[in-house]
Amino acid sequence: MNKKKVNLPSNFALIVIPLAIAICYTLFFTVFGHPSNFVDNDPDNHPLPGNYLGIVYKGGLVIPMLMAFILMVITFSIERFISLKMAVGNGKIADFTQNLKKHITLGDLEGAKELCDLQQGSVGNVVHSVVEKMQEVAKDPTMNTDQKLQAVREEHEESTALEMPMLEKNLNILATLASIATLVGLLGTVFGMIKAFAALATAGSPDAVALANGISEALINTALGIAGSTLAIVAYNFFTGKIDNLTNALDEIAYSISKQVSSNIKKVTNNQKVAAN
């Protein structure tokens, strides 16, 4: 069986993370920090009224990191969506399960294997291994029915365990981004507030406009941090739910065919005894 890969290159994360950071810092200085966004074409001055690119730029060097977090969440979400789509295979799991039951009920294990080859993905891989194990133990006269059933169950558990790392890959990155995005945003806000109040203290006289601008620029960090964290949490929970559904589907398939496994093994065993006599 030619197993269809369900994951992108193993170094995918090592490519995405530094690339996202590089892209966002480049955009930050070349687009957001472009002189045309500021008074007198000077990035050291206040942003032009209503110019959000300049306002974001004034948020400080933490901003591009937060932008990189959001870009990472989007990228890894797309990667997980593609991987899980491939893991399901070429058809609906419900249709695959129904057709598989028919083949198993009729004792057509070769047909069941061909069905798995057509389905592909993690579902097809796991069930294919189980069906192969059914064929193997059914022909083994040294094993009783309980031992054969146990061997089939163990094969299902081992095959599922081998597929799970591929399904859960990079989810830990989404979970980490969900945790640190808000904290990094708050850190940027604190730095911005320190900078704003330090500027006021140096000026010698309170400037309400400057203070308001400084606070709004600082709070951009919090907004981006919360946005990144929210996206990461939603993505993580979504894909975790998808993986749980896929795992439950595999368990349901195993439970459904286990009823037929016992009868099929008994039939094969009885036929072997009759042929021997």
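Fair warning: this is a prediction, and the values are worked out from it, not measured in the lab. (Residues numbered from 1 in each chain as written. Predicted model: local features only at pLDDT ≥ 70, side-chain atom pairs only at ≥ 80, totals over all residues. Heavy atoms only, no water.)

### Focus: the overall build of the chain
Consideration 1: The helix and strand tally for the chain stands at nine helices and zero strands.
Consideration 2: The linear arrangement of helices and strands in the chain, starting from the amino end, is α-α-α-α-α-α-α-α-α.
Consideration 3: Counting the 277 residues in the chain, one finds 41% classified as buried.
Consideration 4: Nonlocal contacts in the chain, meaning residues at least 24 apart in sequence, comprise 76% of its contacts between residues at least 6 apart.
Consideration 5: Summed over all atoms, the accessible surface of the chain reaches about 14,900 Å², with 63% contributed by carbon and sulfur. (Helix = DSSP H or I, 4+ residues; strand = E, 2+ residues; numbered from the N terminus. Buried < 20%, exposed > 50% of the residue type's maximum accessible area, 1.4 Å probe, protein only. Contact = heavy atoms within 4.5 Å. Areas by Shrake-Rupley, 256 points an atom, 1.4 Å probe, with all protein chains shown as cover.)

### Thoughts on a nonpolar patch on the surface
Consideration 1: Where nonpolar side chains cluster on the molecular surface, the patch consists of I15, L19, I23, L27, V31 and L53 and spans about 460 Å² of accessible area.
Consideration 2: The leading source of residues in the nonpolar patch is helix α1 (residues 12–32), at five residues.
Consideration 3: Looking at the element boundaries, L19 is found in helix α1.
Consideration 4: Assessed through its relative accessible area of 46%, L19 is described here as partly exposed. (Patch = residues over 30% accessible without salt bridge, like charges linked within 9 Å, V, L, I, M, F, W, Y side chains within 5 Å. Salt bridge = Lys/Arg side-chain N within 4 Å of Asp/Glu carboxyl O.)

### Regarding the pattern of salt bridges
When the charged atoms of two side chains with opposite charge come close together, those side chains can pair.
Consideration 1: The full count for this structure, using the stated rule, is three salt bridges.
Consideration 2: In this structure, E110 and K113 form a salt bridge, with 3.8 Å as the shortest nitrogen-oxygen distance. Here E110 and its partner K113 are both found in helix α5 (residues 109–119), three residues apart, which amounts to about one turn of the helix.
Consideration 3: Residue class for E110 comes out partly exposed when judged on its relative accessible area of 43%.
Consideration 4: We note a salt bridge from E136 to K133, for which the minimum N-O separation is 3.7 Å. Of this pair, E136 and K133 both sit in helix α6 (residues 121–138), separated by three residues, roughly a single helical turn.

### Comments concerning the nonpolar core
Consideration 1: F76, F96 and L100 are the most contacted members of the largest nonpolar core, which has 55 residues in total.
Consideration 2: Considering each element in turn, this core owes the most residues, eleven residues, to helix α3 (residues 62–88).
Consideration 3: When sequence neighbours within four positions are dropped, the list of residues in contact with F96 reads L115, C116, Q119, V123, V127 and I253. (Core = buried A, V, L, I, M, F, W, Y, C linked by side-chain atoms within 4.5 Å.)

### Focus on the environment of I93
Consideration 1: Inspection of the secondary structure puts I93 in helix α4 (residues 93–105).
Consideration 2: Sequence-wise, I93 and Q119 are 26 residues apart; in three dimensions their C-alpha atoms are separated by 8.8 Å.
Consideration 3: Leaving out residues up to four positions away in the same chain, I93 has contacts with V88, V123, L246, A249 and I253.

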